[in-house]
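Examining the three-dimensional arrangement
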Amino acid sequence: MRRLFVQFYLLLMACFLGAVLLIGAVYKQAVDKVGERYLSDLLVASLSLIQSELKDVPPEQWSGTLAKLDHGLTFPLKIERDTAYTLDAEARAALGRGEIVMLEDNYLFLQRIPNSSFLLVAGPLRYLFFLHQLKWVDYALLALVGLSLGIPALLWLRPHWNQLMQLEQTAASLAEGDLSARVQLPSSSGVWQVGVAFNRMADNIGTLLAGRKALIDAVAHELRTPLARLRYRLALLGGDPDSAPHQAIERDLAAIDSLLQELLLHARLDRPQVPLTLSRFSVREWLTERLAEQAPLASGIDWQDDSRGETTLVADRHLLSRALDNLLSNARRYARQVVRVRLEQEAGRFCLSVEDDGPGIPPEERERVLEPFVRLDESRGRDSGGHGLGLSIVLGIARAHHGTLSITTSPLGGARFVLCWPSAGTVHTVTQGNIPLTDAGEGHA
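Residues numbered from 1 in each chain as written. Predicted model: local features only at pLDDT ≥ 70, side-chain atom pairs only at ≥ 80, totals over all residues. Heavy atoms only, no water.

1. Considering the overall build of the protein chain
- Along its length, the protein chain carries ten helices and eleven strands.
- In the protein chain, buried positions account for 35% of the 445 residues.
- Partitioning the contacts of the protein chain with sequence separation of at least 6, the portion at a separation of at least 24 is 64%.
- With an accessible surface of roughly 26600 Å², the protein chain has 58% of that area assigned to carbon and sulfur atoms. (Helix = DSSP H or I, 4+ residues; strand = E, 2+ residues; numbered from the N terminus. Buried < 20%, exposed > 50% of the residue type's maximum accessible area, 1.4 Å probe, protein only. Contact = heavy atoms within 4.5 Å. Areas by Shrake-Rupley, 256 points an atom, 1.4 Å probe, with all protein chains shown as cover.)

Now the structure itself:
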């Protein structure tokens, strides 16, 4: 709010000062003209009066005679020689033309008496001194008015800022998975139409997500029935189950079934809030188990566990195992000789990294490869197998644990996937949700 208020206040002050300066310039020009005319008439009248009164007095006695006279003026009036003042050439030329010259520092006005070397000196004029002081009063008043403009600006901006903050908080709640979050603004609000549009958008998002989940669940359910019938009819056909055609059909059916499982898991993880079944288990035992399942699938690869120490995790073991299996399978397909796994705890979070010495992933493709059904055409193509959902599922599991998934270049030369999640945030979620923790001995959830 401070930044928005400062911007609005500076704009308001700029407009205010612009208007004041414009009005002041017009007013000053008018006052200066009137003041100059007034002083000119006053000095001309004074000069005419003095000439009439001193016409029979020698010039050397003008000053003394004038001092004895009482003209009822509010300012001193005297006669002095023109050598009494140090004037520049321009001022002396003006005096020679019969013009009035002002000495700003002394608040004096000078006019030459015709056909003489004497000057009629008026002043110092008190009202000029007052005007000089009034200038600083004007500046102080302008500053006071400028500061007072901040009060209505703040009073106007504060309710709008609170309503915008409510919009921001509701948007954050939607992003965190609370699809029931809606903004509540009074109809008199200046951003009420924005709130209505926001709520309509949230309703549409909820409808779209619910419709997509229902569609995927329905398609998966409907496909399982003909898939089971195909397996049944394949068994009724008889023949050698070890024959190449029979084995090919079995692989195709297994691939379809695996794709359905992947789709259902992806749909589950794509929901804003994923329920977790948390358990506490040993990292060393868990990593050894996952690597042991992958090793027979690629005997020529050196599987390395680079973790240090004994660590206990609190997480959804089933989902985390699925994420690690997907990362290991991905690394196995593209590694040349080495796949390295490391789990470490740092800065209040766990980081699980899987890296290989394969061709790697170009930096410009690292975000796109995490999208569902995306496969890179060059280094990681369709000939390597998979459905294109593995990394997207890993990203969903990371988000379910309030974590992140990033891709970098491995020191081995290939890709390095790093899955990080808060080490204490998950336990906090368990406490808030009253989800019981299970023992590591219970195995997968």
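2. Some points on helix α5 (residues 192–236)
- Taking 1.5 Å of rise per residue, 45 residues should cover 66 Å, and α5 covers 67 Å from first to last C-alpha, within 8% of that figure.
- Within the sequence span of α5, burial applies to Gly195, Phe198, Asn199, Ala202, Ala220, Leu227 and Leu234.
- Once α5 ends, the next one or two residues include glycine 238, with phi positive near 75 degrees. (Expected span 1.5 Å × (residues − 1).)

3. Here we look at the pattern of salt bridges
- Under the defined criterion, the tally for this structure stands at twelve salt bridges.
- Close ionic contact of aspartate 82 with arginine 112 constitutes a salt bridge, the shortest N to O distance being 3.2 Å. In this pair, aspartate 82 sits in the loop between β1 (77–81) and α3 (89–96) while arginine 112 sits in strand β3 (residues 108–112), placing the two residues 30 residues apart along the sequence.
- Aspartate 325 serves as the salt-bridge partner of arginine 290, at 2.6 Å between the closest nitrogen and oxygen. (Salt bridge = Lys/Arg side-chain N within 4 Å of Asp/Glu carboxyl O.)

4. Overview of the packing of helix α8 (residues 317–334) against helix α9 (residues 390–400)
- The geometry of α8 relative to α9 is characterised by a closest axis approach of 9 Å and an angle of 145 degrees between their N-to-C directions. Our pair here, α8 against α9, has a crossing hand that is left-handed. Here α8 contributes Leu319, Leu320, Arg322, Ala323, Asn326, Leu327 and Asn330 to the contact with α9, which in turn contributes Gly390, Leu391, Ile393, Val394 and Ile397.
- Looking at the contact of α8 with α9 residue by residue, the class counts come to eight nonpolar, three polar and one charged. (Axes fitted to C-alpha atoms, helices over the stretch in contact; angles between N-to-C directions. Left-handed = near helix turned anticlockwise from the far one by under 90°. Nonpolar A, V, L, I, M, F, W, Y, C, P; charged D, E, K, R; others polar.)

5. Regarding the pairing of strand β8 (residues 338–346)
- Sheet topology places strand β6 (residues 302–305) next to β8; four bridges connect them, and they run parallel. Residue pairing across strands places aspartate 305 opposite valine 341, the latter belonging to β8.
- With eight bridges joining them, β8 and strand β9 (residues 349–356) adopt antiparallel strand pairing. When the sheet's bridge partners are listed, glutamate 344 is paired in β9 with cysteine 351. (Pairing = 2+ DSSP bridges.)

6. A look at the sheet that holds β3
- Taken together, the four strands give an open sheet; going across it, the order is β1-β4-β3-β2, and neighbouring strands pair in antiparallel fashion. Looking at which strands have only one partner, the edges of the open sheet turn out to be β1 and β2 (101–103). The mean angle between the axes of side-by-side strands here comes to 30 degrees, regardless of whether they run parallel or antiparallel.
- Summarising the sheet, β3 and strand β4 (residues 118–122) pair through four bridges and their orientation is antiparallel. Paired with leucine 110 across the bridge in β4 is valine 121.

7. Some remarks on the pairing of strand β11 (residues 415–422)
- The buried fraction of β11 is high, at seven of eight residues.
- Two strands pair when backbone bridges link them, and β9 and β11 are joined in this way by seven bridges, in the antiparallel orientation. Among the inter-strand pairings, arginine 349 is bridged to a residue of β11, identified as proline 422.
- As judged from the six bridges shared by strand β10 (residues 404–409) and β11, these two strands associate in the antiparallel manner.

8. Some points on the sheet that holds β11
- Here five strands make up an open sheet; going across it, the order is β6-β8-β9-β11-β10 and the pairing mixed. Of all strands in the sheet, those bounded by a partner on one side alone are β6 and β10. On average, each strand axis in the sheet is tilted by 15 degrees relative to the strand beside it, whichever way the strands run.
- Each of β6, β8, β9 and β11 touches α8; the most contacted strand, β9, lies at about 25 degrees to it.
- α9 contacts β10 and β11 of the sheet and is inclined by roughly 130 degrees relative to β10.

9. Overview of the nonpolar core
- Trp286, Leu313 and Leu343 are the most contacted members of the largest nonpolar core, which totals 46 residues.
- Look past the residues within four positions of tryptophan 286 in its chain and what remains in contact with it is Phe281, Leu313, Arg317, Leu320, Ser321, Leu324, Leu343 and Leu352.
- Among the nonpolar cores identified, the runner-up in size contains 13 residues, and Ile50, Leu54, Ile79 and Leu120 belong to it. (Core = buried A, V, L, I, M, F, W, Y, C linked by side-chain atoms within 4.5 Å.)

10. Digging into the packing of aromatic side chains
- A complete count under the given rule lists two aromatic pairs for this structure.
- A centroid spacing of 5.8 Å and a plane angle of 35 degrees characterise the contact between phenylalanine 350 and tryptophan 421, whose relative ring orientation is tilted. In this pair, phenylalanine 350 is assigned in strand β9 and tryptophan 421 in strand β11, connecting sequence segments 71 residues apart.
- Residue placement shows arginine 317 over the ring face of phenylalanine 281; its charged tip is 5.1 Å from the ring centre. (Phe/Tyr/Trp six-rings, centres within 6.5 Å; stacked < 30°, edge-to-face > 60°. Lys NZ or Arg CZ within 6 Å of the ring centre and 35° of its normal.)

11. Points about α3
- Taken together, the buried positions of α3 are occupied by Ala91, Ala94 and Leu95. Projected onto a plane normal to the axis of α3, the buried residues spread over an arc of 100 degrees and lie on a single side. Exposed and oriented more than 90 degrees from the buried face of α3 are Ala89, Glu90 and Gly96.
- As for α3, its buried residues are in contact with β2, β3 and β4.
- Looking one or two places after α3, you find glycine 98, whose phi comes out positive at around 85 degrees. (Arc of directions from axis to C-beta.)

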